[in-house]
Amino acid sequence: MSFSVASWNVNSIKARLPNVADWLKAHGPDVACLQEIKCLDEAFPREAFEDLGYNVETVGQKTYNGVALISKRPIEEVALRALPGGEDDDQARYIECVVGTDSGAARVASLYLPNGNPAPGPKFDYKLAWMKRLRDHADALLAYEEPTILAGDYNVIPREVDVHDPEAWADDALFRPESRDAFSAIKWLGWADAFEQVDGRADQYTFWDYQRGAWPKNHGIRIDHLLVSPQAADRLKSVEIDRDARGAEKASDHAPITATFDL
DNA sequence: ATGGTAGTACAACTA
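Keep in mind that this is a model prediction, so the values were computed, not measured.

**Considerations on the overall build of chain A**
Here comes step 1: Helix and strand content of chain A: 7 helices and 14 strands.
Here comes step 2: Computed over the C-alpha atoms, the radius of gyration of chain A is 17 Å, within 12% of the 18 Å expected from 2.2 N^0.38 for a compact globule of 263 residues.
Here comes step 3: C-alpha extents for chain A along the principal axes are approximately 45 × 45 × 40 Å.
Here comes step 4: Looking at the 263 residues of chain A, the share that counts as buried comes to 54%.
Here comes step 5: Looking at chain A alone, contacts between residues at least 24 apart form 69% of all its contacts between residues at least 6 apart.

Structure representation (structure tokens):
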């Protein structure tokens, strides 16, 4: 039995609907975790996805942020519409659902971790605080001993080999030691980076800036990740980054990344 | 060292 989960920062679902719909028709993952939908829940084009066979859950926000989780499998429960511990945090960055699989169920989250630039500063402080909340929640989730996939735009470059020019990014919030250490600390709780688990090659990017010809020059970074619990890691079959989606007309600056499980 | 692009929304912010 096959169960696939994709993560894609679409950079506005309204601007990207043709790209996303075409991609879903061609690839059809069981679950797609979308980030930066940049619209309120009522403005999300849910019918377009329902017509493709997806159930739709969103945590939207006007202009910025916003996440969606769409699933061909039944959504048995919307477990969370925000990351715990953020009483004064009104940014739409997290949704967590339980979806049915052929072998039972899987827990899947779509998350959009704060960018954090410029660093240092209040935005960087917010990023690190959000990562601490994510760590605490990720630790709690492991106790369920379920197949769990935390998919999203983490805005963290984990390794030197995940950026075309490490020196140029040294002071960036996406590559600073504090960000990388916080990401590493989550993994050391017992989570695996799906890409590193099955591939781990250097120079495999998921984001290329619109500026400075980053895409044609392949000046990219790997910041979109699927962290998987042991019960999902044991069933992980493959991971694919779809660069073709980044090369399309009117593309998002992120490429989708898909993990496939024997679940 | 600056500016280059894209999206939202119509000025300026985010990335």
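More follows now that the structure is in view.
**What to know about the side chain of Asn 11**
Here comes step 1: Position of Asn 11 relative to the elements: it lies in the loop between β1 (3-9) and α1 (13-27).
Here comes step 2: Side-chain polar atoms of Asn 11 contact the side chain of Tyr 210, separated by 3.2 Å.

**Considering the protein's contact with DNA strand B**
Here comes step 1: Taken together, 15 residues form the shell around DNA strand B, and within it Ser 12, Thr 63, Lys 123, Gln 211 and Arg 212 come nearest.
Here comes step 2: Those atoms of DNA strand B that come within 4 Å of the protein belong to sugar or phosphate at a rate of 62%.
Here comes step 3: Separating a phosphate oxygen of DNA strand B from a side-chain N or O atom of Ser 12 is a distance of 2.3 Å.
Here comes step 4: Thr 63 is positioned such that a nitrogen or oxygen atom in its side chain is 2.9 Å from a phosphate oxygen of DNA strand B.
Here comes step 5: Classifying every residue of the surface near DNA strand B by side-chain character gives 4 nonpolar, 5 polar and 6 charged.

**Details of the sheet that holds strand β8 (residues 148-153)**
Here comes step 1: Pairing within the open sheet is mixed, and its 6 strands lie in the order β5-β6-β7-β8-β12-β9. Pairing within the sheet leaves two strands with one partner each, and these edge strands are β5 (75-80) and β9 (192-193).
Here comes step 2: Pairing geometry for β5 and strand β6 (residues 94-101), over 4 bridges, is antiparallel. Paired with Val 78 across the strands is Cys 97, a residue of β6.
Here comes step 3: Contacts between helix α3 (residues 122-142) and the sheet are confined to β5, β6, β7 (104-112) and β8, with β6 contributing the most and set at about 25° to the helix.
Here comes step 4: Helix α4 (residues 177-188) rests against β9 and β12 (224-228) of the sheet, and its axis sits at about 25° to β12.

**Notes on the packing of aromatic side chains**
Here comes step 1: Under the defined criterion, the tally for this structure stands at 5 aromatic pairs.
Here comes step 2: The interplanar angle of 25° and the centroid separation of 5.3 Å between the aromatic rings of Phe 44 and Phe 49 together place this pair among those described as stacked. Of the two residues examined, Phe 44 and Phe 49, each falls in the buried class.

**Here we look at unusual backbone geometry**
Here comes step 1: Of note, the bond from Asn 117 into Pro 118 is cis; its omega dihedral lies within 30 degrees of zero at 0°.
Here comes step 2: Residue placement: Pro 118 occurs in the loop between β7 and α3.
Here comes step 3: In the segment running from Ala 119 into Pro 120, the intervening peptide bond is cis, with an omega of 0°.
Here comes step 4: Looking at where Pro 120 falls in the secondary structure, it is placed in the loop between β7 and α3.
Here comes step 5: Backbone geometry at Asp 203 places phi at a positive 60°, although glycine is not the residue there.
Here comes step 6: Tracing the backbone through its elements, the reader meets Asp 203 in the loop between α5 (194-198) and β10 (207-208).
Here comes step 7: Positive phi outside glycine occurs at Arg 212, with the angle close to 60°.

The rules we used
- Residues numbered from 1 in each chain as written.
- Chains lettered and ligands numbered in written order.
- Predicted model: local features only at pLDDT ≥ 70, side-chain atom pairs only at ≥ 80, totals over all residues.
- Heavy atoms only, no water.
- Helix = DSSP H or I, 4+ residues; strand = E, 2+ residues; numbered from the N terminus.
- Rg over C-alpha atoms; globule rule 2.2 N^0.38 Å.
- Buried < 20%, exposed > 50% of the residue type's maximum accessible area, 1.4 Å probe, protein only.
- Contact = heavy atoms within 4.5 Å.
- Polar contact = N/O pair within 3.5 Å; in protein donor to acceptor, adjacent residues only side chain to side chain.
- Near = heavy atom within 4 Å.
- Nonpolar A, V, L, I, M, F, W, Y, C, P; charged D, E, K, R; others polar.
- Pairing = 2+ DSSP bridges.
- Axes fitted to C-alpha atoms, helices over the stretch in contact; angles between N-to-C directions.
- Phe/Tyr/Trp six-rings, centres within 6.5 Å; stacked < 30°, edge-to-face > 60°.

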